[in-house]
Amino acid sequence: MEQLDVLIIGAGFAGLRALYRLRGLGKRVVVLEASDGIGGVWYHNAYPGARCDVESFDYSYSFSPELEQEWRWSERYATQPEILRYINHVADRFELRKDILLNTRMSKATYDEEAARWIITAEDGRQWSTHYFVMCVGQLSTTKRPNYPGQSTFGGEIIHSGEWPKHKVDFVGKRVAIIGTGSSGMQMTPVIAKQASHLTVFQRTANFSIPAANAPVTDEEDATVKANYRARREQAWNSPTGLGFKPNRQSALDVTPEEREKVYEAAWNRWGFGFALAYYDILLSKPANDTAAEFIRRKIGALIDDPVTREKLVPQGHPFAARRPSVDSGYFQTFNRNNVELADLKEYPILEFTPKGIRTAEKLHEFDIIIFATGFDAFTGSLLKPAIVGRDGVTLKDKWGAGPITQLGVGVAGFPNMLIVVGPGSPSLLSNVMVSIEEQIDWLADLIKTMEEGGLAEFEALPEAERAWVEHVNERARETLYLTTNSYYNGAEVAGKPRVFMPYSGGVRSYRRFLQQCAAEGYSGFALRAAPAAKTRKASA
Ligand code: NAP
């Protein structure tokens, strides 16, 4: 069995960054990647129209000034192929591929308490022994597929947005269905509508969306950002969500309606996802949120010609941004096309799939291609898929039966020497995830360095620290509007999933302070041990 210092699971943005950083400590590091390519979600979500909704300059690694200077983003919001090219460039430039094993899916990880090492087993039976085990499996990587009666009888092609096929999907002249109107459904709708003979979008919940205002990056913009990149990064690191601009510190309720209108108009035309930062209390106060939601509803409504379709597409019933809003490029306007139809699943639910298409309570819709843009088992799906067996044979699934419990989102009591990157209990999906990834990986690299320098065997989150952190995560969530609606932030996206608030909503800056404080206090909330606890217990028995 190969002996490793660190084994990382997943070769997406987080896994590659962890490999680069930990290899820099002189450690023997290997990455296992289940797919036949690197890039994680950016490898799999290759649907038409897929692009990032964080600006390219911010959705990129900050660890190498040379990389920052030499990479040239072509658009304000990069497309999926461009992001994948960037990821591959990083892998080549930093010679990462030699330590990545593709087509290698971890099926089991078992902690050997006596040795303070993890035994990792792949689906094909190969095994590795490693001191540290780092999960970089992503928060939106386990797809969620509906299972309608008759689904297997459908005669055309069924595709999930998050498992887009490698072959070219030709929509020309085809009758296409998209089920789901989250970011994925909203991004692909305008692109597919231009190719398909007919497109039906099945909507269960109308979602808020802000226009991307995407544009090519000019040479001048590129030069300006590159000349001031450190300042832009500092801004992102110190912002609530890791975006590269300053949030407004005013309350939406402390200004006149005219002034608010001006601010919202500017945010609508430029800020995309950052609209939620137009005033500091948009996600904290319902009356403040109402002012933003009312503005956005008005703007969306003005984009849609048909009054019945407008009524259905304008989001109602949840605060703006309490569910993840989208950033779109012509989504609502697409419904003004003659070949596009909105099917309201609240009015006419799907009864079954047939060989020809989808039968709703209203009629039979005939299709050649059906796309599930139905999202993911968020946050915990990929962490709980393999059998992770910690101390005393307890599995992570057992431990998290009532919802994820972590110390600072990175460590779990009973699972020593295991680290989780951008998992539940960290800002994760409430942040520019690139900022969170780099923050956590630098922190965990320092932890591992401390362990190595001290000749230590085992670190482990303390149960009382975990309890306090989970309580703090909940306390911060209770200050917000996130808990006022169902969403994947609180486990509502999968039937039977524990209904707890998953990410840390206190912002990336505040989260970083917790990480820094923990390290400064000698990793408070963790036990750092010279010998495995199991051995010490035995010796003293
Ligand atoms: P999502 O936001 O979870 O949306 C899933 C959609 O499918 C929702 O409209 C949901 O309706 C609907 N749905 C789920 N199950 C259904 C069923 N059985 N029948 C009918 N409708 C069903 O998933 P997503 O659009 O893939 O996006 C997930 C996340 O990925 C985003 O929030 C974002 O964080 C990330 N993402 C980012 C980008 C980017 O630009 N960076 C692009 C795409 C995705 P309900 O709302 O009623 O549940």
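Being a predicted model, the structure only gives us computed values, none of them experimental.

Here's the deal with the pairing of strand β9 (residues 198-203)
Here's step 1: For β9, a buried count of five out of six residues is recorded, marking the element as mostly surrounded by other parts of the structure.
Here's step 2: Across five bridges, the pairing between strand β8 (residues 175-179) and β9 is parallel. Within β9, the position partnered with R175 by the bridge is H198.
Here's step 3: Note that the unit made of β8, helix α5 (residues 183-193) and β9 has a crossover that is right-handed.
Here's step 4: Two strands pair when backbone bridges link them, and β9 and strand β12 (residues 340-344) are joined in this way by five bridges, in the parallel orientation. Counterpart to L199 in the pairing with β12 is V340.

Brief notes about the sheet that holds strand β13 (residues 350-353)
Here's step 1: As summarised here, the arrangement of the three strands in space is β13-β14-β15, forming an open sheet in which the pairing is antiparallel. The sheet terminates laterally at β13 and β15 (364-366), the two strands that pair on one side only. Looking at each pair of strands side by side, their axes are set apart by 25 degrees on average, direction ignored.
Here's step 2: Note: β13 against strand β14 (residues 357-360), three bridges, orientation antiparallel. Each bridged residue has a counterpart across the sheet, and for F353 the counterpart in β14 is I358.

What to know about the sheet that holds β12
Paired through backbone hydrogen bonds, the strands of a sheet run either parallel or antiparallel to each other.
Here's step 1: If you trace the five strands from one edge of the open sheet to the other, you get β7-β16-β8-β9-β12, paired in parallel fashion. If you trace the sheet from one side to the other, it starts and ends with β7 (157-160) and β12, each paired once. For this sheet the average axis-to-axis angle between neighbouring strands, irrespective of direction, equals 20 degrees.
Here's step 2: On top of the sheet, α5 reaches β8, β9, β12 and β16 (369-372); it is set at about 170 degrees to β8, its chief contact.

Describing the layout of surface pockets
Over the atoms, a rolled probe matching the size of one water molecule traces out where space is still vacant.
Here's step 1: Its volume calculated, the second largest pocket comes out at about 770 Å³.
Here's step 2: If you trace the second largest pocket, you find 35 residues lining it, with P240, L277, Y280, S505 and G507 closest to the centre.
Here's step 3: Looking at the lining of the second largest pocket element by element, the count peaks at four residues for helix α15 (residues 508-520).

Quick word on a positive patch on the surface
Here's step 1: Together, K246, R249, R509 and R513 make up a region of like positive charge exposed at the surface.
Here's step 2: Mapped onto the fold, R249 is located in the loop between α7 (229-237) and α8 (257-270).
Here's step 3: On the basis of relative accessibility, which here comes to 67%, the residue R249 falls in the exposed class.

So, the nonpolar core
Here's step 1: Formed by 70 residues in total, the largest nonpolar core has its most connected members in I8, F13, L22 and W443.
Here's step 2: In terms of residue count, the dominant contributor to this core is helix α13 (residues 433-453) (10 residues).
Here's step 3: Every residue in contact with L22, bar those within four places of it in the chain, is listed here: V6, I8, K27, V29, V134, L444, A445 and I448.
Here's step 4: Listed in part, the 56 residues of the second largest apolar core include V201, I210, A276 and L430.

Considering the state of the cysteines
Here's step 1: For the coordinates displayed, the defined rule picks out zero disulfides.
Here's step 2: C136 carries a free sulfur, and the closest cysteine sulfur to it, the one in C518, is 18 Å from it.
Here's step 3: Note on C136: relative accessible area 6%, which makes it buried.

Focus: the side chain of E33
Here's step 1: With respect to the helices, strands and loops of the structure, E33 is situated in the loop between β2 (29-32) and α2 (41-44).
Here's step 2: Of the buried charged residues, E33 lacks a salt bridge, with R105 as the closest side chain of opposite charge at 7.0 Å.
Here's step 3: Of note is the side chain of E33, whose polar atom sits 2.8 Å from the backbone nitrogen of S35.
Here's step 4: Setting aside residues up to four positions removed in sequence, E33 forms contacts with G10, A11, G12, I100, L101, L102, N103 and T104.

With respect to the packing of aromatic side chains
Here's step 1: With the rule as written, the count across this model stands at 42 aromatic pairs.
Here's step 2: Centre to centre, the rings of F13 and Y61 are 5.3 Å apart; their planes meet at 75 degrees, and the pair counts as edge-to-face. You can see F13 sitting in helix α1 (residues 13-23) and its partner Y61 sitting in the loop between α2 and α3 (65-70), a full 48 residues away along the chain.
Here's step 3: Residue classification places Y61 among the buried positions, given a relative accessible area of 1%.
Here's step 4: For the pair F275 and F320, a centre-to-centre distance of 5.5 Å together with 85 degrees between the ring planes defines the contact as edge-to-face. On the criterion of sequence distance, the pair formed by F275 in the loop between α8 and α9 (286-301) and F320 in the loop between α10 (307-313) and β11 (326-328) is long-range, its members being 45 residues apart.
Here's step 5: Put simply, the rings of F13, Y20, W42, Y59, Y61, F63, W71, W73, Y86 and F94 touch in pairs and so form one group of aromatic residues.
Here's step 6: When the ring centre of Y43 is taken as reference, the NZ or CZ atom of K166 above it lies at 4.3 Å.
Here's step 7: In this structure, R324 is placed above the aromatic ring of F273, and the distance from its NZ or CZ to the ring centre is 4.2 Å.

What counts, and where the lines are drawn
Residues numbered from 1 in each chain as written. Predicted model: local features only at pLDDT ≥ 70, side-chain atom pairs only at ≥ 80, totals over all residues. Heavy atoms only, no water. Buried < 20%, exposed > 50% of the residue type's maximum accessible area, 1.4 Å probe, protein only. Helix = DSSP H or I, 4+ residues; strand = E, 2+ residues; numbered from the N terminus. Pairing = 2+ DSSP bridges. Right-handed = clockwise from strand over helix to strand, strands pointing away. Axes fitted to C-alpha atoms, helices over the stretch in contact; angles between N-to-C directions. Contact = heavy atoms within 4.5 Å. 1 Å grid on protein atoms, 1.4 Å probe; cavity = no way out; pocket = protein on both sides within 12 Å on 5 of 7 lines; lining within 4 Å. Points joined across faces, edges and corners; volume = space filled by probe spheres on them. Patch = residues over 30% accessible without salt bridge, like charges linked within 9 Å, V, L, I, M, F, W, Y side chains within 5 Å. Areas by Shrake-Rupley, 256 points an atom, 1.4 Å probe, with all protein chains shown as cover. Salt bridge = Lys/Arg side-chain N within 4 Å of Asp/Glu carboxyl O. Lys, Arg positive; Asp, Glu negative; His and termini not counted. Charge placed at Lys NZ, Arg CZ, Asp CG, Glu CD. Core = buried A, V, L, I, M, F, W, Y, C linked by side-chain atoms within 4.5 Å. Disulfide = S-S within 2.5 Å. Polar contact = N/O pair within 3.5 Å; in protein donor to acceptor, adjacent residues only side chain to side chain. Phe/Tyr/Trp six-rings, centres within 6.5 Å; stacked < 30°, edge-to-face > 60°. Lys NZ or Arg CZ within 6 Å of the ring centre and 35° of its normal.

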